Amino acid sequence: MQKELLMHKVICNDLKKINKNSFAYHFNLFMNFIILFMLFAVLVWALTKTFILGLLVWCIPVPHIIFQFCCYQCNKRRIANMEFTILSQELIEKYSKNKYHPRIRHFFDFRKVLCVRFESGEWEVPDKLYDWSEYCFTNKDDFNDSVLQGDEFYVVLYKNGKIGYVYSKKNFKLIT
C-alpha cells in the first residue's frame with residue numbers, strides 16, 4: 001500500500017478547513033438563537049408592551065458569537081505561525097455520540113458524530129477529510145471502517161492542548 005506524503009503545508013490547509021467549519025457551526029447556532037429570541041421578543045412585547053425586555057433577551061447570544069469569532073481569529077493566527085506540534089500517539093478509543101448540529105432552517109437537528117480519543121484528548125472526525133489525497137479515505141465512514149484501536153497516528157496538537165487534526169500512520173508518511 002502506498003503512503004501519502006504529509007507536509008506542513010498540507011497540515012496547515014487541513015487546519016484552516018476545520019477552523020472555518022467550526023466558525024460556520026457557531027455562526028449557524030447564533031442565527032438559530034437570533035430567530036428564536038426575535039420570536040420571543042415579539043411575544044414578550046405583545047404580552048407586556050415592553051420592547052426593551054425583548055431587546056435585552058435578544059442580545060444574550062451576542063457575546064457568544066463575539067467569543068467564537070475571537071477564537072476563530074486566534075486559531076487562524078496559530079495556523080499561519082505554525083504554532084502546533086505533531087505527536088505520534090496511539091488510538092485509545094473510537095465511539096459515536098449524538099450532537100446538536102444547528103442549521104438555519106432546522107432548529108432541532110441531532111446527528112451522530114464519530115469521535116476518536118488519544119492520550120492528548122478527543123477529536124471529532126469531520127464529514128469530509130483528506131479530500132486532497134489520492135490514496136486515502138475521504139469520509140468519516142471510511143475512516144471508521146479502516147482504523148482500529150491501537151493504531152498509530154500523527155496527532156496535530158495546538159499549543160493550548162486541543163487536537164487540530166489526525167493522520168493515520170498506515171496511510172501517511174510525515175516529511176519534516
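In this report, the structure presented in the accompanying data block is examined.

1. Quick look at the overall build of the protein chain
- Regarding its fold elements, the protein chain presents four helices and eight strands.
- Burial analysis of the protein chain (176 residues in total) assigns 37% to the buried set.
- Within the protein chain, contacts between residues at least 6 apart in sequence are counted, and of these 65% link residues at least 24 apart.
- Here the protein chain has roughly 10,700 Å² of accessible surface; of this, 62% comes from carbon and sulfur atoms.

2. Here we look at the sheet that holds strand β7 (residues 163-168)
- Overall, antiparallel pairing links the three strands, which are arranged β2-β6-β7 in an open sheet. With one partner strand each, in any of the chains shown, β2 (84-90) and β7 form the two edges of the open sheet. Going from strand to strand, the sheet's axes swing by 25° on average, the running direction of each strand aside.
- In terms of strand pairing, strand β6 (residues 152-158) meets β7 through five bridges, oriented antiparallel. Along β7, the bridge assignment pairs Val156 with Tyr165.

3. Digging into the environment of Tyr72
- Tracing the chain through its elements places Tyr72 in helix α3 (residues 62-80).
- For Tyr72 and Lys20, which are 52 residues apart along the polypeptide, the C-alpha to C-alpha distance reads 7.6 Å.

4. Some details on the pairing of β6
- A large share of β6 lies buried, amounting to six of its seven residues.
- Here seven bridges tie β2 to β6, and the two strands are oriented antiparallel to one another. Bridge pairing in β6 places Thr85 opposite Leu157.
- Counted between consecutive antiparallel strands, the loop separating β6 from β7 contains four residues, among which Gly161 sits at a positive phi close to 95°.

Rules and cut-offs
Residues numbered from 1 in each chain as written. Predicted model: local features only at pLDDT ≥ 70, side-chain atom pairs only at ≥ 80, totals over all residues. Heavy atoms only, no water. Helix = DSSP H or I, 4+ residues; strand = E, 2+ residues; numbered from the N terminus. Buried < 20%, exposed > 50% of the residue type's maximum accessible area, 1.4 Å probe, protein only. Contact = heavy atoms within 4.5 Å. Areas by Shrake-Rupley, 256 points an atom, 1.4 Å probe, with all protein chains shown as cover. Pairing = 2+ DSSP bridges. Axes fitted to C-alpha atoms, helices over the stretch in contact; angles between N-to-C directions.

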